[in-house]
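# Architecture and fold: a report
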Amino acid sequence: MTSTAGRVRAAAMHGARFAPLALGTGLGFALLWSVGVDPLVSGLRMFSWWLLLLLCCPACLMVACDTLGWRFSFSTDRVPFGRLVCARLAGEALNLSTPTASVGGEPVKAWLVRTYAPLSESLPSLVIAKTTIAIGQALFLLLGIAVAWPILPAGSHLLQRMQWLLALECLGTAGFVAVQIWGVGRGPGWLLRRLGGVGGPDRASALERVERTFAEFYRRQPGRLALSIGWHFAGWALGIFETYCILRLLGVPVSLALAAVIDTFGAGVGFAAFFIPGRLGAQEAGDVAVFTALGFGATAGLAFTLVRRLREVLWATVGFIALAVLCRRPAARPALGS
């Protein structure tokens, strides 16, 4: 009886994990059906060889900025930048392609840098980096709201929704930081045990090190915290340039200010849809809503999102290649304390 109940619970959890993915996929196909394939194809034909440059150049800088944001979430520069880049690409590829609410690749990132940093340091650094990404994203959305204020008409529903979303993001991020400082070790400690980083009599001391890592970083490393937030904000801001270039090549007469509004509001939608793998369907719907509200139409919004999806697929492929290469290398001795 107990085993039957356990199987039922496991099946329910499995279904709940894939439900957002199914919902997002259905929403994406519904949008594609309503907009039509022909307008999208005709718009994408305008790119030619420029598309490859758009998929590579701005994204390279964005990857570098986000990697630096992770680097400064460590208390010291223990891990070489090249290894951080490869580990981040591999982990993000798993985050994008698995139904794990954008966290499935995080233990993999920690495992890939274990030669240079013990799991009791790398796992907290990833939680801190997630936090500084969220703070940078909130600042980015605030920038978009400030830019949109004189552009959008008074009483704009789109602007009001983004203000509410900013308030929720700030509240959620503040709560996440508070949990890390005053009640932390449970989540990272559980990950540490799952990865085999804590064993036997060393478990309690390892969990204590995890808790101390959080508290000491936020209280004693304000400079590195600010740099982590700053680099993540820079990564978000580079997306404005990418958005501007994509829309100009799509033939959309957009200014740099409007590109900033589109990109920041799209990032806000991505925050709200974090629980959907790859934000599939939700990001498309959000971009279509933003483009429609700004008067550019649903076709332009969906074409823009598809170009961004192509970029994600390209960099996920690079990430899986990096993962395969790193896994095939002979295992080095883990860092002391891992």
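Residues numbered from 1 in each chain as written. Predicted model: local features only at pLDDT ≥ 70, side-chain atom pairs only at ≥ 80, totals over all residues. Heavy atoms only, no water.

Let's shift gears to the overall build of the protein chain. Tallying secondary structure elements over the protein chain gives 13 helices and zero strands in all. Shown N-terminal to C-terminal, the secondary structure of the protein chain runs as helices and strands in the order α-α-α-α-α-α-α-α-α-α-α-α-α. Restricting the contact set of the protein chain to residue pairs at least 6 apart, pairs at least 24 apart contribute 75%. Summing over all exposed atoms, the protein chain offers an accessible surface of approximately 16,600 Å²; the carbon and sulfur share of this is 69%. (Helix = DSSP H or I, 4+ residues; strand = E, 2+ residues; numbered from the N terminus. Contact = heavy atoms within 4.5 Å. Areas by Shrake-Rupley, 256 points an atom, 1.4 Å probe, with all protein chains shown as cover.)

Across all of its chains, the model carries one cavity of 30 Å³ or more by this definition. Empty space within the largest cavity amounts to approximately 90 Å³. Forming the walls of the largest cavity are Asp66, Trp70, Arg88, Glu92, Glu106, Lys109, Leu126, Ala129, Lys130, Ile133 and His232. Across the lining of the largest cavity, the residue classes break down as four nonpolar, one polar and six charged. (1 Å grid on protein atoms, 1.4 Å probe; cavity = no way out; pocket = protein on both sides within 12 Å on 5 of 7 lines; lining within 4 Å. Points joined across faces, edges and corners; volume = space filled by probe spheres on them. Nonpolar A, V, L, I, M, F, W, Y, C, P; charged D, E, K, R; others polar.)

Here the second largest pocket defines a volume of roughly 230 Å³. Forming the boundary of the second largest pocket are 12 residues, of which Ser75, Glu121, Arg212, Thr213 and Glu216 lie nearest the centre. Mapped by element, the contributors of at least two residues to the lining of the second largest pocket are helix H6 (119–148) and helix H9 (203–220). If you tally residues by element for the lining of the second largest pocket, the top one is H9, at five residues. A class-by-class count of the residues in the lining of the second largest pocket yields three nonpolar, five polar and four charged.

Moving on to the nonpolar core. In this structure, Met162, Leu247, Ile262 and Phe265 are the most contacted members of the largest nonpolar core, which totals 34 residues. Of all the secondary structure elements, the ones that give two or more residues to this core are H6, helix H7 (157–182), helix H10 (222–249), helix H11 (256–272), helix H12 (282–293) and helix H13 (298–328). When residues of this core are assigned to their parent elements, the largest contribution, eight residues, is made by H11. Ignoring any residue separated from it by four or fewer positions in sequence, one finds Phe265 in contact with Leu141, Gly144, Ile145, Ala148, Leu152, Leu158, Leu159, Met162 and Val290. In terms of nonpolar packing, the next biggest core, distinct from the first, is built from 18 residues, Trp70, Leu119, Leu126 and Leu323 among them. (Core = buried A, V, L, I, M, F, W, Y, C linked by side-chain atoms within 4.5 Å. Buried < 20%, exposed > 50% of the residue type's maximum accessible area, 1.4 Å probe, protein only.)

Let us now look at the pattern of salt bridges. Counted by the stated rule, this structure contains 12 salt bridges. In this structure, the salt-bridge partner of Lys109 is Glu92, at a minimum N-O distance of 2.5 Å. With Lys109 in helix H5 (residues 106–112) and Glu92 in helix H4 (residues 81–97), the pair connects residues that are 17 residues apart, well separated along the chain. The class of Lys109 is buried, set by a relative accessible area of 4%. Assessed through its relative accessible area of 27%, Glu92 is described here as partly exposed. (Salt bridge = Lys/Arg side-chain N within 4 Å of Asp/Glu carboxyl O.)

Turning next to the packing of aromatic side chains. Scanning the model with the defined rule gives six aromatic pairs in all. Centre to centre, the rings of Trp70 and Phe74 are 6.1 Å apart; their planes meet at 35 degrees, and the pair counts as tilted. In terms of burial, Trp70 and Phe74 fall into one category: buried. The interplanar angle of 90 degrees and the centroid separation of 5.9 Å between the aromatic rings of Phe217 and Tyr218 together place this pair among those described as edge-to-face. On the basis of relative accessible area, Phe217 is assigned to the buried category, the value being 3%. The structure contains a cluster of three or more aromatic residues connected by ring pairs, namely Phe140, Phe233 and Trp236. The side chain of Arg114 reaches across the aromatic face of Trp111, ending 4.1 Å from its centre. (Phe/Tyr/Trp six-rings, centres within 6.5 Å; stacked < 30°, edge-to-face > 60°. Lys NZ or Arg CZ within 6 Å of the ring centre and 35° of its normal.)

Let's shift gears to the side chain of Arg308. Turning to its location among the elements, Arg308 is positioned in helix H13. In contact with Arg308, not counting residues within four places along its chain, are Gly239, Glu242, Thr243, Ile246 and Asp263.

Take the confidence of the model for the protein chain next. Per-residue confidence for the protein chain gives a mean pLDDT of 79; residues scoring 70 or more make up 71%. For the protein chain, helix H8 (residues 186–194) is the element with the lowest average pLDDT, namely 49, and H10 is the one with the highest, namely 94. A low-confidence stretch, residues 5–16 (pLDDT under 50), is modelled with zero contacts involving residues beyond four sequence positions or located in other chains. (pLDDT = per-residue confidence, 0-100.)

Turning next to H6. With 30 residues, H6 should reach 44 Å at 1.5 Å per residue; the first-to-last C-alpha distance of 43 Å fits that figure. The buried fraction of H6 is high, at 21 of 30 residues. (Expected span 1.5 Å × (residues − 1).)

Looking at where Asp287 falls in the secondary structure, it is placed in helix H12. With no salt bridge to any partner, buried Asp287 finds its closest opposite charge in Arg308, at an N-O distance of 6.2 Å. Among all residues touching Asp287, those that are not within four sequence positions of it are Gly266, Gly301, Phe304 and Thr305. (Lys, Arg positive; Asp, Glu negative; His and termini not counted.)

All right, on to the environment of Ile262 then. By the secondary structure assignment, Ile262 is in helix H11. Expressed as a C-alpha distance, the spacing of Ile262 and Leu294, which sit 32 residues apart in the sequence, is 8.7 Å. Dropping the residues within four chain positions of it, Ile262 is found in contact with Thr243, Leu247, Val254, Val290, Phe291, Leu294, Phe296 and Phe304.

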